[in-house]
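Listed below are the residues making up each chain.
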Amino acid sequence: MAELRYIGATGRRKTAVAQVRIKAGKGHYSVNGKPMNEYFTLENWRQLATRPLRQISKAGQYDVSVVTRGGGVPAQAEAVSLGIARALVEENIELRPALKKAGLLTRDSRIKERKKYGLKKARKAPQFSKR
């Protein structure tokens with residue numbers, strides 16, 4: 001029985017988390033058990049998720065399996081992108097400079113600010129009334 005060797009990595013964006021597994025293959029993508037084009041219905045989301053593979057010109061050479069949860073679909077696509085980039089670097093460290101230059105290894109740490117008591121949202125105050 002042939003051993004299936006895969007490389008795993010995690011990507012995060014806002015509250016979305018994507019656990020990514022890549023292995024050498026024919027370019028099959030699955031996200032949460034569905035084909036990528038069913039899960040990421042917009043072309044922009046698919047392009048965003050697969051950008052690291054296109055950046056290094058290896059788009060059809062890996063099978064990608066992703067389990068993602070939390071956040072919205074666009075944030076999940078960005079999390080998948082970071083996960084794929086990290087997995088590629090784990091497999092071949094020589095890809096790091098090209099991916100780093102393209103900004104694909106940087107974790108976007110912006111998250112929603114928490115709501116404070118006495119305010120309507122994180123910073124929005126109730127309307128002031130003098131009388």
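Scroll up to find the structure.
Scope of this entry: the structure provided in the associated data block. Treat the numbers as computed from the prediction; the structure is a model and nothing was measured.

About the thresholds
- Residues numbered from 1 in each chain as written.
- Predicted model: local features only at pLDDT ≥ 70, side-chain atom pairs only at ≥ 80, totals over all residues.
- Heavy atoms only, no water.
- Pairing = 2+ DSSP bridges.
- Helix = DSSP H or I, 4+ residues; strand = E, 2+ residues; numbered from the N terminus.
- Phe/Tyr/Trp six-rings, centres within 6.5 Å; stacked < 30°, edge-to-face > 60°.
- Buried < 20%, exposed > 50% of the residue type's maximum accessible area, 1.4 Å probe, protein only.
- Contact = heavy atoms within 4.5 Å.
- Axes fitted to C-alpha atoms, helices over the stretch in contact; angles between N-to-C directions.
- Polar contact = N/O pair within 3.5 Å; in protein donor to acceptor, adjacent residues only side chain to side chain.
- Core = buried A, V, L, I, M, F, W, Y, C linked by side-chain atoms within 4.5 Å.

## A closer look at the pairing of strand β5 (residues 62-69)
- Pairing analysis gives eight bridges linking strand β2 (residues 16-24) to β5, with the strands arranged antiparallel. Bridge pairing in β5 links Gln19 to Val67.
- Here strand β3 (residues 29-31) pairs with β5 via three bridges, running parallel. From the neighbouring strand, Val31 faces β5, where its bridge partner is Val66.

## Here's the deal with the packing of aromatic side chains
- Under the defined criterion, the tally for this structure stands at one aromatic pair.
- Taken together, a centroid distance of 5.2 Å and an interplanar angle of 85° make the contact between Tyr39 and Phe40 edge-to-face.
- For Phe40, a relative accessible area of 0% translates into the label buried.

## Here's the deal with the sheet that holds β5
- Overall, mixed pairing links the five strands, which are arranged β1-β2-β5-β3-β4 in an open sheet. Looking at strand neighbours, the two that pair on one side only are β1 (7-13) and β4 (34-35), the edges of this open sheet.
- Where β3 lies against β4, two bridges are found, and the strand directions are antiparallel. Bridged to Val31 within β4 is Lys34.
- Contacts from helix α4 (residues 73-91) reach β1, β2 and β5, with the element oriented near 145° to β1.

## What to know about the side chain of Asp63
- Take Asp63: it is sitting in strand β5.
- Among the polar contacts made by the side chain of Asp63, one reaches the main-chain amide nitrogen of Gly27 at a distance of 3.0 Å.
- A distance of 3.0 Å separates a polar side-chain atom of Asp63 from the backbone nitrogen of His28.
- Residues contacting Asp63, with those up to four places away along its chain left out, are Arg21, Ile22, Lys23, Ala24, Gly25, Lys26, Gly27 and His28.

## Comments concerning unusual backbone geometry
- Here the phi dihedral of Lys14 falls at roughly 50°; this positive angle occurs in a residue that is not glycine.
- Assignment of secondary structure puts Lys14 in the loop between β1 and β2.
- Phi is positive for Ser57, which is not a glycine, with a value near 60°.
- Residue placement: Ser57 occurs in the loop between α3 (51-55) and β5.

## Description of the side chain of Ser81
- Summarising the element assignment, Ser81 is placed in helix α4.
- What Ser81 contacts, discounting residues up to four positions off in sequence, is Leu48, Ala49, Pro52 and Leu104.

## Regarding the pairing of β2
- Strand direction decides the pairing type here: β1 and β2, joined by seven bridges, are antiparallel. The partner of Arg13 across the bridge, within β2, is Ala16.
- Two successive antiparallel strands, β1 and β2, enclose a turn made up of two residues, where Lys14 displays a positive phi of approximately 50°.

## Focus: the nonpolar core
- The biggest cluster of nonpolar side chains holds 30 residues, and the ones touching the most others in it are Ile22, Phe40, Leu88 and Leu99.
- For this core, the secondary structure elements donating two or more residues are β1, β2, α1 (36-39), α2 (43-49), β5 and α4.
- Counting residues per element, this core draws most heavily on α4, at nine residues.
- Residues within four places of Leu99 in sequence aside, it is in contact with Pro52, Gln55, Ile56, Ala85, Leu88, Val89, Leu104 and Leu105.

Keep in mind these numbers describe shape, not what the thing actually does.
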